[in-house]
Amino acid sequence: MSHFSELRFRHFVFHNIYKPYVHYTQFALVVYAAFALFDYQTLGHDSLNIVIIRFLFVIVAATSLYVSVKTESKHLEATEMVFFIFAGWLVNWVGYIAVELGNNNYQSGVMLIMLYLGTLSRMRFSLTLTSMVTILIPYLIFLYPRLLDMDYNKESDHISIVITTMIICALASFRREKEVHSRYQQERQVRRQSLALTRSSRKLKELSETDALTGLHNRHYLRYTVLPEARKFDQLGIIIADIDHFKSINDTFGHEIGDDVIQRLGSLIRQALPEGATAIRYGGEEFLIVLPNTDKASVELFSHYLKQQCEKQRFEHGSAVTLSIGFWHGKQFDSQLKYAIGKADMALYNAKESGRNRVMSA
């Protein structure tokens, strides 16, 4: 796993696995504090220092974990591990004092901590194993020999249970970590599929709204995107441009030449569009341009600019191509866009009737 992948995995574990769980350590600390009652019941007045240390430990641990969670400290797991180790050492100390008082029935607290680490904790396997081994070592050094002297058979059985508990809990922690990795991979796979689906959906939407020949938007885009937005503009300009004698071009030079003319003009319009404007292939040889928040003079100026640029183009068939253009402009637009398009279309009709290759206003 690369460094970046490792960081991403750790981020996933912290936010999806570890952080939701770590709040419950507060309940574990409450239970740990409650064992002060058993300390007093078993050890009597000799438990006073232990009870004080136990409560101080719980207060410090609860506060530190709370702050670490709130600040999303990267050392949160290590902090929990340290507290568990200290809790285990304290339990071993309590057991040692009990042995000094001749009580060999109060040394099983280590197993309870191991069970918690193996079943409820969400620490990494390496930290969990480190915690359990570090807790067990003082038991083996200080308690185990004394307990053997007091009751060999009982302690032999007890130590086998302790070690077996540790092994089982370590295996449970290892399995949990594998399951976390598996869940992470599954969520990554779902995310990749979701992103792929989003890209495909975006691509399909783009294809459904784009004219294949010119790369401009089509009527679908006009209907479902431009129409709903039209009312938001204070003023609006609509231009409809039609290629003059296009049928004659197709009939004389063929449809491939006709397609080339449409493609070239589509490219010309796309490159000339002002910012915020939208160009649409409105019909076979008709182009519709929507100019939001544009004054009438600018709409007319742009119409003449398109006509002049078209005249300058040289096409495959060698003949000049001209445009007839009709435009409409309205302020504080509150009518239907279809009405505005109809008015621009009527201006286009007048341009055609007036001899073509000209610009007419509605």
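Residues numbered from 1 in each chain as written. Predicted model: local features only at pLDDT ≥ 70, side-chain atom pairs only at ≥ 80, totals over all residues. Heavy atoms only, no water.

### A short note on the packing of aromatic side chains
Summed over the entire model, instances satisfying the criterion amount to 9 aromatic pairs. Ring plane angle 25° and centroid distance 6.4 Å describe the contact between Phe302 and Tyr305, whose orientation is recorded as stacked. Linking Phe302 with Tyr305, this pair stays in helix H12 (residues 296-312), spanning 3 residues, or about one helical turn. Among the aromatic residues, ring-to-ring pairing joins Tyr32, Phe57, Phe83 and Phe86 into one connected group. The ring of Tyr32 carries the charged tip of Arg54 above its face, separated from the ring centre by 4.6 Å. When the ring centre of Tyr282 is taken as reference, the NZ or CZ atom of Arg219 above it lies at 3.9 Å. (Phe/Tyr/Trp six-rings, centres within 6.5 Å; stacked < 30°, edge-to-face > 60°. Helix = DSSP H or I, 4+ residues; strand = E, 2+ residues; numbered from the N terminus. Lys NZ or Arg CZ within 6 Å of the ring centre and 35° of its normal.)

### Considering the sheet that holds strand S3 (residues 286-292)
Strand order in the open sheet made by the 5 strands is S2-S3-S1-S4-S5, with mixed pairing throughout. Each edge of the open sheet carries a strand with a single partner, namely strand S2 (278-281) and strand S5 (359-361). Recorded for the sheet is a direction-independent mean angle of 20° between the axes of neighbouring strands. The sheet contact formed by strand S4 (residues 323-331) and S5 spans 3 bridges and is parallel. In the strand pairing of S5, Gly326 is matched with Met360. The strands touched by helix H11 (residues 255-272) within the sheet are strand S1 (235-243), S2, S3 and S4, with S3 carrying the most contacts at an inclination of about 10°. Sitting on the sheet, H12 is in contact with S1, S3, S4 and S5, with an inclination near 170° to S4. (Pairing = 2+ DSSP bridges. Axes fitted to C-alpha atoms, helices over the stretch in contact; angles between N-to-C directions. Contact = heavy atoms within 4.5 Å.)

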